[in-house]
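Listed here are the chains, written in short residue letters.
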Amino acid sequence: QLYVHDSTTIVLPDLLAQQWPGCGGTPAAANTLSALKLQLRLELRQGSLAGPILQAGRAHDRHLCLLPRPAPGSLRLADLGYWSLEELAQDDADGRYWLMRLKSNTRLYDELQQPLELLKLLQRVQGEPLDRAVQLGVTQRLGCRLLAVRVASEVAERRRAEALRLAADKGEQLSELSLALFDWTIAVTNVPSAMLTAAEGLVLSHIRWQIEIFVRLWKDEGKVDEWRGRRAGRVLCEVYAKLLALLLQHWLVLSQSWQYPDRSLVKCLRTIRKYALELATAVQTGVRLEVVLRRIQGALAATDRMNKRKQHPNTFQELLALSGSS
């Protein structure tokens, strides 16, 4: 089982600050006092979805995540917002695997307990990916593998520009080390090399973006962060109703399209939306519901797949290449 984990935040009107407090703000700034955070974990092979768990917008991902732990033997990918050496050590002890980006200020040590300088290690990387044993943390000394590969200069510059933009939005500054590290893709994992090569691990590290694409579609296509009401109860009713609709939508995708690696979620969601009124009527009246569901499933089966790309391969192409499939 392969899990990807992320959260997304819905900014709510200030009048909901007592029910769902946001990250603060000033009285003069509108829509900064209330926000709703959704925690989601998606199993990519079968498509099972845990969540959304609802939290206040000010809740920290790492400290307040309420999702159950995956089963032993599973592999988890998550953003740096969930970085916790204590949690990684617990997963390691329980037989769960993880693959994450390395937090830049984490101290590294070799097998002899001698400190390592990350930048010096990376500067030696030329063609082949770096794959070496390290220990993480001053006190934890958590054993794992460090994986890294140099990226194209245009990719590195694009990463730096985006990171600087986000930091400026938050009023933060990035260290010289953080900026330099954008020249590489870096990950750490406790998966043994016999089960996962460095090249495979670095490709898998890209899959974490699938959950970000997934939750972005909830906003772009599902409009979960939009409403017509002005009263607190009406706004929450609209948000909750859309979340329920999105869960039903995901079930429909699972029933017909998830087994195709080249499925296009955008096309699937737009296909389902064409039947929204017919489906809502069938659910409300209880008449012809099975017929409508079968019509939706048939339409999903005929939904176009993603086109293959040569210059910038899709995720499914990279995974098929690893498995030797075309």
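In what follows, the structure referred to is the one given above.
Reading the values: the criteria
Residues numbered from 1 in each chain as written. Predicted model: local features only at pLDDT ≥ 70, side-chain atom pairs only at ≥ 80, totals over all residues. Heavy atoms only, no water. Pairing = 2+ DSSP bridges. Helix = DSSP H or I, 4+ residues; strand = E, 2+ residues; numbered from the N terminus. Core = buried A, V, L, I, M, F, W, Y, C linked by side-chain atoms within 4.5 Å. Buried < 20%, exposed > 50% of the residue type's maximum accessible area, 1.4 Å probe, protein only. Contact = heavy atoms within 4.5 Å. Axes fitted to C-alpha atoms, helices over the stretch in contact; angles between N-to-C directions. Phe/Tyr/Trp six-rings, centres within 6.5 Å; stacked < 30°, edge-to-face > 60°. Lys NZ or Arg CZ within 6 Å of the ring centre and 35° of its normal.

J.: Go over the pairing of strand 3 (residues 49-56) with me, naming the residues and quoting the values.
T.: By the bridge criterion, six bridges tie strand 2 (residues 34-43) to strand 3 in an arrangement that is antiparallel. Note on strand 3: the bridge partner recorded for Gln39 is Ile53.

J.: If you had to explain the nonpolar core to someone new, which residues and values would you point to?
T.: With 47 residues, the main nonpolar core has Leu12, Trp218 and Ile296 as its most contacted residues. In this view, Trp218 contacts Leu38, Leu40, Leu49, Pro52, Lys223, Val224, Leu243, Leu246 and Leu247; residues no more than four positions away in its chain are not counted. Among the nonpolar cores identified, the runner-up in size contains 25 residues, and Tyr82, Leu102, Val125 and Leu146 belong to it.

J.: Run through the sheet that holds strand 1 (residues 2-12), naming residues and quoting values.
T.: Pairing in this open sheet of 10 strands is mixed, and the strands run 3-2-1-4-5-10-9-8-6-7 from one edge to the other. Either end of the sheet is taken by a strand with one partner, and the two such strands are strand 3 and strand 7 (115-116). Judged from the six bridges that link them, strand 9 (residues 142-150) and strand 10 (residues 184-189) form a sheet pairing that is antiparallel. From the neighbouring strand, Ala148 faces strand 10, where its bridge partner is Ile186. Contacting strand 1, strand 4 (75-78), strand 5 (97-101), strand 8 (130-136), strand 9 and strand 10, helix 6 (residues 198-205) crosses the sheet at an angle of about 80 degrees to strand 9. Here helix 7 (residues 209-220) sits on the sheet in contact with strand 1, strand 2 and strand 3, set at roughly 30 degrees to strand 1.

J.: I'd love a proper account of the environment of Ser264, names of residues and values included.
T.: Examined against the element boundaries, Ser264 turns out to sit in the loop between helix 8 (232-256) and helix 9 (265-273). For Ser264 and Thr303, which are 39 residues apart along the polypeptide, the C-alpha to C-alpha distance reads 8.2 Å.

J.: Can you explain the packing of aromatic side chains? Please cite residues and give values.
T.: All told, the structure shown has one aromatic pair when counted by the stated rule. Ring plane angle 50 degrees and centroid distance 5.7 Å describe the contact between Phe214 and Trp218, whose orientation is recorded as tilted. On the criterion of helical spacing, the pair formed by Phe214 and Trp218 is a turn pair, its members being four residues apart in helix 7. Neither residue differs from the other here; Phe214 and Trp218 are each classed as buried. Cation over ring: Arg41 sits above Tyr3, and NZ or CZ is 5.1 Å from the ring centre. For the cation-ring pair, Arg141 lies above Tyr109, with the distance from its terminal atom to the ring centre recorded as 3.6 Å.

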